[in-house]
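# Structural features, examined
Next come the chains, spelled out residue by residue.
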Amino acid sequence: MGPCQLQRLLRVPSQLCPPVCLDYVAFQDHASRDSSMTIYGGGLNQEKHGLLNSEGLKIVDGEGKTWIQVGSSRTYTPSEDDINSSLRLVSVAIDDMGIKMSINVFVTTPVIRLPRPYPRHMIVFCSLRKLRNPKCIATPFKEESFRVLSYNILADLYTVSGAYTHCPNWALTWEYRRRNLLNEILSYDADILCLQEVQSDHFKNFFESEFAKVGYSAIYKRKTKEVYSANEYVIDGCATFFRHDRFKIVIKYEVEYDKMALPVIEVLEPDKRNDGLFRLMKDNVALVVILEEKDNGRSQDAARSTICVANTHIHRGSDASDVRLFQVVNLIRGLEKIDSSGIPILICGDMNSLPGSDPHRFLINGEVGCFSEKFRDPLGIHKHLKLSHSMHLACAYAHLLDSNEVGQHQKGKMDYQAMEPLFTCFKPSLTGTLDYILYSKNRLKVDGLLKLLDYDSLEKRLLPSPLWSSDHVALMANFRVKRASRGVQYLSPPPDPWEQQNKQTDV
């Protein structure tokens, strides 16, 4: 079989078929798969192949629909003229003797206009109002202030389970979602990006290179168990990006929660160890990095700051409250050692824990105290956990309720009792807050927050949707290192704060 030739790429006027949705990126990819595509000039049996009454660039098919030729190259990106019209790709396969062997026809659903993104502006508090643009438009970096984003972007491998039937199929395709997500994230103009559910092949083939084009360096940690998909093993993980003209890496840590489970499982009663393996050996991870500000031409007297950024995705599951507490406690045990060196801490991620849950109370209050009614621990895991810590952590969005500069409309998107957003996840199975940005309140100050969304700003649709391509929403905060913490001589962070922890039974 010889090369496949592209005969025509045609458009049918909109009145001939009702408008439905098209993932135009997927169509473009489809048209570009054969690198040998060229224009086929003629000689077809038009009656046989349904190409009758050809008049210049117009062709009427066997069903009486008129098609207009719009392209003949290897790729085609729909234009404004294509809105509400279908596209038809005709390719002819010929053998080495030039004899036509077959004709392939691919007809799309009508083209739609991409949804316009909903503007999410920054609430910039007075101390920063003159330093950063509140509309998230790219601005020069300002000394002392930096912007951190946390976002679970919904890995493609989790969209095939039938959990998102409310979303049009075209809007669930990765070819559409990846571009929509990229455009959204770049619009926020963050200095540090903490993304969860980044699929391993998508990090390698898309995100790493796309963010590199606009000045970000990247580190990545995949989960510890992979699945076989599309002829390769893939899984999601945590990806952290940072502007390489602003920061440099001091040290990076990769945390695997299943490794920390083994010492605990060993001290369980013998008849509970198999159950312990099943409950605690989960593939969740955390990616922790210590970043230092670069000089960037500042005066020698200007102090540079060092910050520790932890990016994690905690285990989900309605019957796994003990597992979530176990993972959060182990994350904090290592971060507490870094905190003791004087370095400010940021924790970003999907904790899969609602406000008021035991992991949430442990993070914010520094201890658990009495367990909540929903806490379930059939193996007594909590007996082997140190359920207190000395870090001074706060959730960034609690500042919305503390500030006199925030209007009632934004405050109405907060849960006053929990002091957290009403939701960061809005999908059929759950509506609530699972995502957080926590910080060392004794060393960092919140100077701005990304406005929260409500039901109306989601166009009254569950997530994901054509406008919002994840089932979570992004959180973002501006931080400034407090003056008393700037330029201090930090103690050297430990080579691996979690190493000794793995060898202990009382973690």
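Residues numbered from 1 in each chain as written. Predicted model: local features only at pLDDT ≥ 70, side-chain atom pairs only at ≥ 80, totals over all residues. Heavy atoms only, no water.

Taking an unreviewed UniProt entry as the reference, the protein chain is identified by name as poly(A)-specific ribonuclease belonging to Coffea arabica. In its Sequence similarities (unreviewed entry) section, the UniProt record describing the protein chain reads: "Belongs to the CCR4/nocturin family." As stated in UniProt under Function (unreviewed entry), the record for the protein chain gives "Acts as a catalytic component of the CCR4-NOT core complex, which in the nucleus seems to be a general transcription factor, and in the cytoplasm the major mRNA deadenylase involved in mRNA turnover." (UniProt positions renumbered as here; feature names shortened; annotations may be inferred.)

Across its full length, the protein chain carries 12 helices and 25 strands. Each of the 507 residues in the protein chain was classed as buried or not, and the buried ones make up 54%. Counting contacts in the protein chain only where the partners sit at least 6 residues apart, residues at least 24 apart contribute 77% of the total. Carbon together with sulfur atoms contributes 49% to the accessible area of the protein chain, which is approximately 22,900 Å² in total. (Helix = DSSP H or I, 4+ residues; strand = E, 2+ residues; numbered from the N terminus. Buried < 20%, exposed > 50% of the residue type's maximum accessible area, 1.4 Å probe, protein only. Contact = heavy atoms within 4.5 Å. Areas by Shrake-Rupley, 256 points an atom, 1.4 Å probe, with all protein chains shown as cover.)

Turning next to the pattern of salt bridges. In this structure the tally under the stated criterion is 23 salt bridges. Of the charged contacts, one joins Glu-80 and Arg-113 as a salt bridge, the two residues approaching to 2.6 Å between their closest N and O atoms. Of this pair, Glu-80 sits in the loop between β4 (66-71) and β5 (86-94) while Arg-113 sits in the loop between β6 (100-107) and β7 (122-124), placing them 33 residues apart in sequence. Taking relative accessible area as the criterion, Arg-113 reaches 45% and is therefore assigned partly exposed. (Salt bridge = Lys/Arg side-chain N within 4 Å of Asp/Glu carboxyl O.)

Now for the packing of aromatic side chains. Taken as a whole and judged by the stated rule, the model has 15 aromatic pairs. Centre to centre, the rings of Phe-206 and Phe-207 are 5.1 Å apart; their planes meet at 75°, and the pair counts as edge-to-face. The class for Phe-206 is buried, based on a relative accessible area of 4%. A relative accessible area of 1% places Phe-207 in the buried class. Each ring, one from Tyr-253 and one from Trp-498, has its centre 5.7 Å from the other, and the planes form 65°; the classification is edge-to-face. Here Tyr-253, found in strand β14 (residues 247-256), pairs with Trp-498, found in the loop between β25 (475-481) and α12 (499-502); they are 245 residues apart in sequence, far enough to count as distant. By the burial criterion, Tyr-253 is buried, and Trp-498 matches it. Through a chain of ring-to-ring contacts, three or more aromatic side chains come together here, namely Trp-174, Phe-203, Phe-206, Phe-207, Phe-211, Tyr-216, Tyr-220 and Phe-241. (Phe/Tyr/Trp six-rings, centres within 6.5 Å; stacked < 30°, edge-to-face > 60°.)

On to the sheet that holds β14, then. What the 6 strands build is an open sheet, ordered β14-β15-β16-β17-β23-β18; its pairing is mixed. Both edges of this open sheet fall to β14 and β18 (393-395), since each of them pairs with a single strand only. For this sheet the average axis-to-axis angle between neighbouring strands, irrespective of direction, equals 20°. Examined bridge by bridge, strand β15 (residues 285-293) and strand β16 (residues 306-313) share 7 bridges and lie antiparallel to one another. Looking at β16, one finds that Val-289 is bridged to Val-309. Lying over the sheet, helix α6 (residues 257-266) contacts β14, β15 and β16, oriented at roughly 45° with respect to β14. Across the face of the sheet, helix α9 (residues 358-365) comes into contact with β18 and β23 (435-440) while running at roughly 120° to β18. (Pairing = 2+ DSSP bridges. Axes fitted to C-alpha atoms, helices over the stretch in contact; angles between N-to-C directions.)

The residue Asp-415 is located in strand β19 (residues 414-415) in this model. Ignoring sequence-local partners within four residues, the contact set of Asp-415 consists of Leu-401, Glu-420, Pro-421 and Leu-422. Of note is the side chain of Asp-415, whose polar atom sits 3.0 Å from the backbone nitrogen of Gln-417. (Polar contact = N/O pair within 3.5 Å; in protein donor to acceptor, adjacent residues only side chain to side chain.)

For Cys-194, the position within the fold is in strand β9 (residues 192-199). Owing to a relative accessible area of 0%, Cys-194 belongs among the buried residues under this scheme. With near-sequence residues (within four places) excluded, Cys-194 lies in contact with Leu-149, Ser-150, Tyr-151, Ala-239, Thr-240, Val-309, Asn-311 and Cys-348.

A grouping of Met-97, Ile-99 and Met-101 is seen on the molecular surface, where their side chains present a nonpolar patch of about 350 Å² in accessible area. Topologically, Met-97 is positioned in the loop between β5 and β6. (Patch = residues over 30% accessible without salt bridge, like charges linked within 9 Å, V, L, I, M, F, W, Y side chains within 5 Å.)

Right, let's talk about the packing of α6 against helix α7 (residues 273-280) for a bit. Contact geometry for α6 and α7: axes closest at 10 Å, N-to-C directions at 160°. When the axes of α6 and α7 are compared, the pair comes out roughly antiparallel. Both α6 and α7 take part in a crossing whose hand is right-handed. Residue-level inspection shows Asp-258, Ala-261, Leu-262, Val-264, Ile-265 and Glu-266 of α6 in contact with α7, the latter providing Arg-273, Gly-276, Leu-277 and Leu-280. Here the contact of α6 with α7 is composed, by residue class, of 6 nonpolar, 1 polar and 3 charged. (Parallel < 35°, antiparallel > 145°, perpendicular 65-115°, else oblique. Left-handed = near helix turned anticlockwise from the far one by under 90°. Nonpolar A, V, L, I, M, F, W, Y, C, P; charged D, E, K, R; others polar.)

It is worth spelling out the nonpolar core at this point. In terms of nonpolar packing, the biggest core is built from 68 residues, with Phe-146, Leu-149, Ile-192, Leu-195, Phe-211, Phe-241 and Phe-479 touching the most fellow members. Ignoring any residue separated from it by four or fewer positions in sequence, one finds Leu-195 in contact with Leu-149, Tyr-151, Ile-153, Ile-185, Phe-211, Gly-237, Cys-238, Ala-239, Phe-241 and Asn-311. Counting 43 residues, the second-largest nonpolar core is a separate cluster that includes Tyr-253, Val-255, Leu-393 and Tyr-436. (Core = buried A, V, L, I, M, F, W, Y, C linked by side-chain atoms within 4.5 Å.)

Before going further, it helps to examine the sheet that holds strand β24 (residues 444-450). The strand order across the open sheet built from 7 strands is β7-β24-β25-β8-β9-β13-β10, with neighbouring strands paired in mixed fashion. If you trace the sheet from one side to the other, it starts and ends with β7 and β10 (216-222), each paired once. Strand after strand, the sheet turns through a mean of 25° between neighbouring axes, direction not considered. Where helix α4 (residues 174-187) meets the sheet, its contacts fall on β8 (145-152), β9 and β10, and the angle it forms with β8 comes to roughly 155°.

As a further point, take the confidence of the model for the protein chain. Detailed reading of predicted coordinates is not advised where the pLDDT is low. On average, residues of the protein chain score 82 in pLDDT, and 80% of them are at 70 or above. In this model, residues 1-9 is a region of pLDDT below 50 whose contacts with residues beyond four sequence positions or in other chains number 53 contacts. pLDDT under 50 marks residues 13-56. Its contacts with residues more than four places away, or in other chains, come to 93 contacts. (pLDDT = per-residue confidence, 0-100.)

What follows is about the packing of α6 against helix α8 (residues 321-339). Two elements in contact, α6 and α8, have axes separated by 10 Å at closest approach and are oriented at 100°. Between α6 and α8, the interaxial angle falls into the category roughly perpendicular. Seen from α6, the contacting residues are Tyr-257, Met-260, Ala-261 and Val-264; seen from α8, they are Phe-326, Gln-327, Asn-330 and Leu-331. Among the residues making up the contact of α6 with α8, the classes are represented as 6 nonpolar, 2 polar and no charged.

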